[in-house]
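# Overview (structure and organization)
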Amino acid sequence: GTVLASGGLAGIYEHSTNPAGFNALGSSTALASRADAHTSDLEYVQFHPTALHIPNESCFLLTEALR
């Protein structure tokens, strides 16, 4: 089998810690799907819930010790 492990999709969320302009829109998954590649477990998305969002500022990660 082949595993496609590339990119991410944090750009589809309103708030993300990815830098502005970072292409994380799930493009690799879309390409695989269009090529009729078998995909599975797409509901599993890793994210870090410990980010600080301040309006008009960049979002950034906080230490997981805060949880």
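Note: the structure precedes this text.
Residues numbered from 1 in each chain as written. Predicted model: local features only at pLDDT ≥ 70, side-chain atom pairs only at ≥ 80, totals over all residues. Heavy atoms only, no water.

### Concerning the overall build of the protein chain
Each helix and strand counted, the protein chain has one helix and two strands in total. Against the globule reference of 11 Å for 67 residues, the protein chain gives a C-alpha radius of gyration of 15 Å, more extended than a compact globule. Its C-alpha atoms give the protein chain principal-axis dimensions of about 40 × 25 × 15 Å. Counting over 67 residues, the protein chain shows a buried share of 7%. Look at the contacts in the protein chain between residues 6 or more apart in sequence, and 22% of them connect residues 24 or more apart. In the structure as shown, the protein chain presents an accessible area of about 5800 Å², 54% of it carried by carbon and sulfur atoms. (Helix = DSSP H or I, 4+ residues; strand = E, 2+ residues; numbered from the N terminus. Rg over C-alpha atoms; globule rule 2.2 N^0.38 Å. Buried < 20%, exposed > 50% of the residue type's maximum accessible area, 1.4 Å probe, protein only. Contact = heavy atoms within 4.5 Å. Areas by Shrake-Rupley, 256 points an atom, 1.4 Å probe, with all protein chains shown as cover.)

### Comments concerning a nonpolar patch on the surface
Taken together, the side chains of Ile12, Tyr13, Leu25, Val45 and Phe47 define a hydrophobic patch exposed on the protein surface, amounting to about 520 Å² of accessible area. If you trace the backbone, Val45 turns up in the loop between helix H1 (27–34) and strand E1 (51–52). (Patch = residues over 30% accessible without salt bridge, like charges linked within 9 Å, V, L, I, M, F, W, Y side chains within 5 Å. Salt bridge = Lys/Arg side-chain N within 4 Å of Asp/Glu carboxyl O.)

### Comments concerning unusual backbone geometry
One non-glycine residue with positive phi stands out, namely Asp41, at about 55 degrees. Secondary-structure assignment places Asp41 in the loop between H1 and E1. Of note in the backbone geometry, Asn56 takes a positive phi value of approximately 65 degrees without being a glycine. Mapped onto the elements, Asn56 comes out in the loop between E1 and strand E2 (60–61).

### Examining the environment of His53
Tracing the backbone shows His53 in the loop between E1 and E2. Along the backbone, His53 and Leu42 are eleven residues apart, and their C-alpha atoms lie at a distance of 26 Å.

### Thoughts on the side chain of Thr50
With respect to the helices and strands, the residue Thr50 is situated in the loop between H1 and E1. Once residues within four sequence positions are removed from consideration, Thr50 is found in contact with Phe60, Leu61, Leu62, Thr63, Glu64 and Arg67.

### Points about the environment of Tyr13
Among the secondary structure elements, Tyr13 is positioned in the segment before H1. It is 9.1 Å that separates the C-alpha atoms of Tyr13 and Leu25, two residues lying twelve residues apart in sequence.

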